[in-house]
Amino acid sequence: MAVDESERNFEHPLYHYWENMPGGGIGMTSLDRLLMHSARHSLWFFPMATSCCAIEFMTAAASRVDMDQVGTIIRPTPRHCDVMVVAGTITVKMAPRVKKLWDQMPEPKWGIAMGSCAICGDFYRDIYSVVPGVDTIIPIDVYIPGCPPNADQVMVGLQRLQEKIAAQLAGKTIDKDPRPPNMIYPAIGTHGDARQTEATATGQLEASRNLGYGGQEHRVPVAPPKPPAGDAT
Amino acid sequence: MTLPHREADVTLPKPARKDPHVDLEKLDAAADLMAINMGPQHPSTHGVMRIKLWLDGEMIVKAVPYCGYLHRGVEKLCERLTVVQLTPIVDKHDYVSPMTNEQALNIAFERMLGLEVPRRARYMRTIIAEIQRIASHLLWLGTFTLDIGGTIGGGASLMMYTFREREAILDVFEMLTGARFHYNTHTVGGQRHDVPVGWPAAVKKMIDAVDAHMPEYEQQCYGNDVLVLRTKGVGVIDRELALELGLSGPNLRASGVDLDLRRDEPFSAYDEIKVNVAVATDGDVYARFDVRMREMHESIRIVRELIDSIPEGPICSQKPVKVPFAVKLPAGRQFYTAIETPRGELGTYVIGGGAEKGAAPYRLKFRPPSLHAMSALPYALVGHTVPDVVAILGSLDPILGEVDR
Amino acid sequence: MMSPLPAPVRAALAARWPEVFPAEGDLDPNGPLVPADSHYDLAALLKEHGYLLYVTVVATHFPTPEGDTFEVATVLRNPSTGKAFWWRCKLGADPVIATLFPLFAGADWQEREQFDLVGVRFAGHPDLRRLMLPEDWEGHPLRKSYAIDTPHAPWR
Ligand code: SF4
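Residues numbered from 1 in each chain as written. Chains lettered and ligands numbered in written order. Predicted model: local features only at pLDDT ≥ 70, side-chain atom pairs only at ≥ 80, totals over all residues. Heavy atoms only, no water.

**Some words on the overall build of chain B**
No. 1: Each helix and strand in chain B was counted, giving 15 helices and eight strands.
No. 2: Relative to the 2.2 N^0.38 estimate, which gives 22 Å for 405 residues, the radius of gyration of chain B is 22 Å and therefore close to what a compact globule would have.
No. 3: Across the 405 residues that make up chain B, the buried fraction comes to 67%.
No. 4: Both charge centroids of chain B, one from 46 positive and one from 52 negative side chains, sit 6 Å from each other. (Helix = DSSP H or I, 4+ residues; strand = E, 2+ residues; numbered from the N terminus. Rg over C-alpha atoms; globule rule 2.2 N^0.38 Å. Buried < 20%, exposed > 50% of the residue type's maximum accessible area, 1.4 Å probe, protein only. Lys, Arg positive; Asp, Glu negative; His and termini not counted. Charge placed at Lys NZ, Arg CZ, Asp CG, Glu CD.)

So, in structure tokens, the structure goes:
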């Protein structure tokens, strides 16, 4: 088991400041409860919006459904946000960026996979360039199935996340949500799963860290075509 | 109706063609260029794309866009699916106007096989395409004004209004097909879903609502100095360059080329009606904005004209498809055809006779108008500042699902 | 759709390539097959005759028992009549064809895409890099010999 789900830290960062302050130990538990309570009711969303599902996510944020009514705000930078909503297909070229952006978000943080593409790759899951589910890269707390899920389904997923946070608040241990049925299990295993090998997990981490700014050389000499790989389709 | 329309106060000399591959070493060595990166996760790039910009002070001297962050390999997937199974796949390309994607694909197969489409289905297709054009332009208008932040009352307010109208349009589509977003309603030879009872009335109500709100949008945009000043003379693409790049749709018409496939290569019921093509000559961001706004009026007019005269009759010339192998493409036949979508010429190049005993295409290549629009960026961005990048990108209206496929 | 060429264009083409474009009769409905070394000249001639809009380029892989062959189809459109025209060129196992970039700026990205996915190289292209896939990718996915579900560690 390479990646340990238990290494995720759901404690609020302010908690530690408080703890180290003189006399801070008093009322620590209730402060934590207060902070988690406020986190639950003012979730800031980071839209990892890549394709069609993003349009439906915009609809959820726009006039008719209006996610703002439950205190969510959409912020375009990962450093402000609590929840990453992965809306759309994640490709091999995008995957290291998703991992990197997730790592840039401060704890505590939660992940939502919106749409079948983000959950399992949908009908693109067999294709050479598509990641079969974003939970192979980052931990996902709530799955919202659909192609795309309706805007009101997004609200249902949001409520499910709030329930989970409330359970955390009450000190309950919560099981990881399973993938919805019929959404095939990927060969490389999901994040925090025993099937995901050490090599896969470290490879993903390395790749996301090595996204140097100058990583892509501007002009590359054209190599002669490589011999074809793999068998005939 | 008179618009609070302002004529150009700014006239710029016609710029010379920029070299997109300019060697950075050849640029002024003392200029101390700075490189900045936009994307692939950037709020105003309409999806996942990345532009690397080299700046001399505040001015862009070179721009290199990168795409492919959403490359889902659809053309490979199409080679193992049959013709009938392809319609729901192409919905996902230009996800702002899924209906016209389906239409383009099915018209390509119909023209290749020489199939007739009943008149009722052709009318329905035309109406659907025009409503979809309005929905697509509304979403464009909302995000474009959000990006440049220049509408009265701040950036996001106009987006909220346009989404209100777009919801009304999605309701009409949901009434017709049962789906809000990815419809799968076109098929080879016609339509899958017939017009439900009360649909024409619902469409008319929706169109009236959109039409009633159009002056609001116009007043918020044309009557707004910030928007006009930020768009006039910015991102000019001249006529020759637009043609060479293969721009199409509103982007091409804004550069002064009077080409619209609805009129010049009519498909569906466009041969029975008159289409007034909106053309502008400046080729800047403002012209592209203006052309799209005028196109919305034209679409409203066409829907109003057709909605009452949908003829009676069958909606599909083929038997209802039970097996996915029902339609076969002739082996070795190669065919290109295109229709006009809200973004321009969406072409399909088909080679017949692939897998599944010829029921799958051997090769299917889409000609995405958005990819051509994006390839204009290295030319259009040079000489402008970083805030202009989002304005120019927004005015070209690329949809990344279609660029990368 | 392939529409008939206007008479002056047809005459000019017939004078230059009489075996591909006979002065009378219909052209090949699949697109006339032009020798690969005439590719650039044909595009230049069509551009002179009003085919100014660059539409697309399509490369296709045809594996045969004798070896790989490729076809490159190019589509142009005349903006004043709105009619499109396309032609094809056949290439051998090592596919190289002249770029149209000097004539049409749009060929830049289109040819990069076909190089990326099919592996046809365009001689004289100023910047022939991969467009869609990461630059360290191996192989060309739209070749028939490329398996659709090729794994790519550590992501899939
Ligand atoms: S699940 Fe459907 S709507 Fe969502 S990104 Fe995938 S294809 Fe698009």
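Moving on, there is more to tell.
**Some thoughts on helix α14 (residues 386–396) of chain B**
All names here are of chain B.
No. 1: The element α14 is largely enclosed, with a buried count of nine among its 11 residues.
No. 2: Burial in α14 covers these residues: Asp388, Val389, Val390, Ala391, Ile392, Leu393, Gly394, Ser395 and Leu396.
No. 3: One or two positions beyond α14, positive phi appears at Asp397, with a value near 55°.

**What to know about the domain arrangement of chain B**
Residues and elements named next belong to chain B.
No. 1: Domain boundaries assigned for chain B yield domain 1 (8–66) and domain 2 (74–404).
No. 2: Across the contact, 27 residues belong to domain 1 and 26 residues belong to domain 2.
No. 3: Both sides together, the interface formed by domain 1 and domain 2 hides about 2,400 Å², and carbon and sulfur atoms give 69% of it.
No. 4: At the junction of domain 1 with domain 2, the criterion picks out zero salt bridges.
No. 5: In this structure, the connection of domain 1 to domain 2 is made through two residue pairs in polar contact (both at pLDDT 80 or more).
No. 6: Looking at the side of domain 1 that touches domain 2 element by element, the count peaks at six residues for strand β3 (residues 59–66). (Domains from an automatic or database assignment. Contact = heavy atoms within 4.5 Å. Buried area = accessible area lost by both parts, 1.4 Å probe. Salt bridge = Lys/Arg side-chain N within 4 Å of Asp/Glu carboxyl O. Polar contact = N/O pair within 3.5 Å; in protein donor to acceptor, adjacent residues only side chain to side chain.)

**Examining the site of the ligand**
No. 1: Close to the ligand lie 13 residues; Ser51, Cys52, Cys53, Cys117 and Cys147 of chain A are nearest.
No. 2: The local environment of the ligand is shared, drawing residues from chains A and B.
No. 3: Here the shell around the ligand is built from residues that sort into five nonpolar, seven polar and one charged. (Near = heavy atom within 4 Å. Nonpolar A, V, L, I, M, F, W, Y, C, P; charged D, E, K, R; others polar.)

**As for the nonpolar core**
No. 1: Counting residues in each nonpolar core, the largest one holds 199 residues, and the members touching the most others are Met84 and Val134 of chain A together with Phe289 of chain B.
No. 2: Element by element, the count of residues in this core is highest for helix α4 (residues 119–148) of chain B, at 14 residues.
No. 3: When residues are assigned to domains, this core turns out to be shared by domain 1 (8–66) and domain 2 (74–404) of chain B, each giving three or more.
No. 4: Ignoring sequence-local partners within four residues, the contact set of Phe289 of chain B consists of Trp140, Leu141, Phe144, Cys221, Tyr222 and Leu227 of chain B.
No. 5: Grouped together as the second largest cluster of nonpolar side chains are 22 residues, Phe45, Phe57, Ala87 and Val154 of chain A included. (Core = buried A, V, L, I, M, F, W, Y, C linked by side-chain atoms within 4.5 Å.)

**Concerning the interface of chain A and chain B**
No. 1: Tallying the contact residues gives 37 residues for chain A and 40 residues for chain B.
No. 2: Of the roughly 3,500 Å² buried between chain A and chain B on both sides combined, carbon and sulfur atoms contribute 61%.
No. 3: The residue Glu56 of chain A makes a salt bridge to Arg180 of chain B at a minimum N-O spacing of 2.7 Å.
No. 4: In this structure, the connection of chain A to chain B is made through eight residue pairs in polar contact (both at pLDDT 80 or more).
No. 5: Within the residue set of the side of chain A that touches chain B, elements represented by two or more residues are β1 (44–49), α3 (52–61) and α4 (95–104) of chain A.
No. 6: Among the elements that take part in the side of chain A that touches chain B, α3 of chain A stands out by supplying six residues, more than any other.
No. 7: A breakdown of the residues in the side of chain A that touches chain B according to their chemical character gives 20 nonpolar, 11 polar and six charged.

**With respect to the sheet that holds strand β5 (residues 142–144) of chain A**
No. 1: Taking strand neighbours across the sheet as the criterion, the five strands line up as β2-β1-β3-β4-β5 (chain A) in an open arrangement whose pairing is parallel. Each of the sheet's edge strands pairs with one partner strand only, and the pair in question is β2 (73–74) and β5 of chain A. (Pairing = 2+ DSSP bridges.)

**Some details on the packing of helix α3 (residues 98–113) of chain B against α4 of chain B**
All names here are of chain B.
No. 1: Interhelical geometry of α3 versus α4 gives an angle of 145° and a closest axis separation of 8 Å. For the element pair α3 and α4, the recorded crossing hand is left-handed. Along the contact surface, α3 presents Pro98, Met99, Thr100, Gln103, Asn106, Ile107 and Glu110, while α4 presents Arg125, Ile128, Ala129 and Gln132.
No. 2: Across the contact of α3 with α4, the residue classes tally to five nonpolar, four polar and two charged. (Axes fitted to C-alpha atoms, helices over the stretch in contact; angles between N-to-C directions. Left-handed = near helix turned anticlockwise from the far one by under 90°.)

**Quick notes on the sheet that holds strand β1 (residues 34–38) of chain B**
Hydrogen bonds between backbone groups are what pair the strands of a sheet, and the pairing can be parallel or antiparallel.
Residues and elements named next belong to chain B.
No. 1: Within the open sheet, the three strands sit side by side as β1-β2-β3. Their pairing is antiparallel. With partners counted over all chains shown, the strands left at the sheet margins are β1 and β3, one partner each. Shown here is a sheet whose adjacent strand axes are inclined to one another by a mean of 20°, direction ignored.
No. 2: Relative to β3, strand β2 (residues 50–56) runs antiparallel, the two sharing seven bridges. If you follow Lys52 over to β3, its bridge partner there is Val64.
No. 3: The sheet strands contacting α14 are β1, β2 and β3, and the helix crosses β2 at an angle near 145°.

**Details of the environment of Pro20 of chain B**
All names here are of chain B.
No. 1: As for its position among the elements, Pro20 is in the segment before β1.
No. 2: Assessed through its relative accessible area of 11%, Pro20 is described here as buried.
No. 3: Linking Pro20 and Lys62, residues 42 residues apart in sequence, is a C-alpha distance of 6.9 Å.
No. 4: Apart from residues lying up to four places away in sequence, Pro20 is in contact with Lys62, Pro378 and Tyr379.

**Some words on the packing of α4 of chain A against helix α7 (residues 198–209) of chain A**
Residues and elements named next belong to chain A.
No. 1: The interhelical angle for the contact between α4 and α7, taken along N-to-C directions, is 85°, at an axis separation of 8 Å. Viewed along their axes, α4 and α7 adopt a mutual orientation that is roughly perpendicular. Where α4 approaches α7, its residues Pro96, Lys99, Lys100 and Asp103 are matched on the opposing element by Gln204, Leu205, Ala207, Ser208 and Arg209.
No. 2: Tallied by class, the residues present in the contact of α4 with α7 amount to three nonpolar, two polar and four charged. (Parallel < 35°, antiparallel > 145°, perpendicular 65-115°, else oblique.)

**Re the interface of chain C and chain B**
No. 1: Contacts between the two partners involve 52 residues from chain C, matched on the other side by 50 residues from chain B.
No. 2: Summed over both sides, the interface of chain C with chain B buries roughly 4,100 Å², with 58% coming from carbon and sulfur.
No. 3: Taken together, chain C and chain B are joined by six salt bridges.
No. 4: Of the charged contacts in the structure, one is a salt bridge between Arg405 of chain B and Glu113 of chain C, with a shortest N-O distance of 2.9 Å.

**Things to note about the side chain of Arg166 of chain B**
No. 1: Position of Arg166 of chain B relative to the elements: it lies in helix α5 (residues 155–177).
No. 2: Among residues more than four places away in sequence, those in contact with Arg166 of chain B are Ile55 and Thr59 of chain A together with Ala135, Leu138, Leu139 and Phe181 of chain B.

**A look at the environment of Thr72 of chain A**
All names here are of chain A.
No. 1: Mapped onto the elements of the fold, Thr72 is located in the loop between α3 and β2.
No. 2: You can call Thr72 buried: its relative accessible area is 2%.
No. 3: Taking the C-alpha atoms as reference points, Thr72 and Phe45, separated by 27 residues in sequence, lie 6.7 Å from one another.
No. 4: From its side chain, Thr72 meets the backbone oxygen of Met67 in a polar contact 3.0 Å long.

**A few points about the pairing of strand β2 (residues 53–64) of chain C**
Residues and elements named next belong to chain C.
No. 1: Taken across its 12 residues, β2 has 10 buried, putting it largely inside the fold.
No. 2: Across 11 bridges, the pairing between β2 and strand β3 (residues 67–78) is antiparallel. Note that in β3 the partner of His61 across the bridge is Phe70.
No. 3: In textbook terms, the turn of a hairpin is the stretch between consecutive antiparallel strands, and for β2 and β3 this stretch comprises two residues.

**Brief notes about the state of the cysteines**
No. 1: Under the criterion given, the structure shown has zero disulfides over all chains.
No. 2: Of all cysteine sulfurs, the one in Cys117 of chain A lies closest to Cys120 of chain A, which takes part in no disulfide; the gap is 7.7 Å. (Disulfide = S-S within 2.5 Å.)

**Overview of the confidence of the model for chain B**
No. 1: Averaged over all residues, the pLDDT of chain B is 83; the fraction at 70 or higher stands at 91%.
No. 2: The model gives residues 1–13 of chain B a pLDDT under 50, and that stretch makes 20 contacts with residues more than four places away or in other chains. (pLDDT = per-residue confidence, 0-100.)

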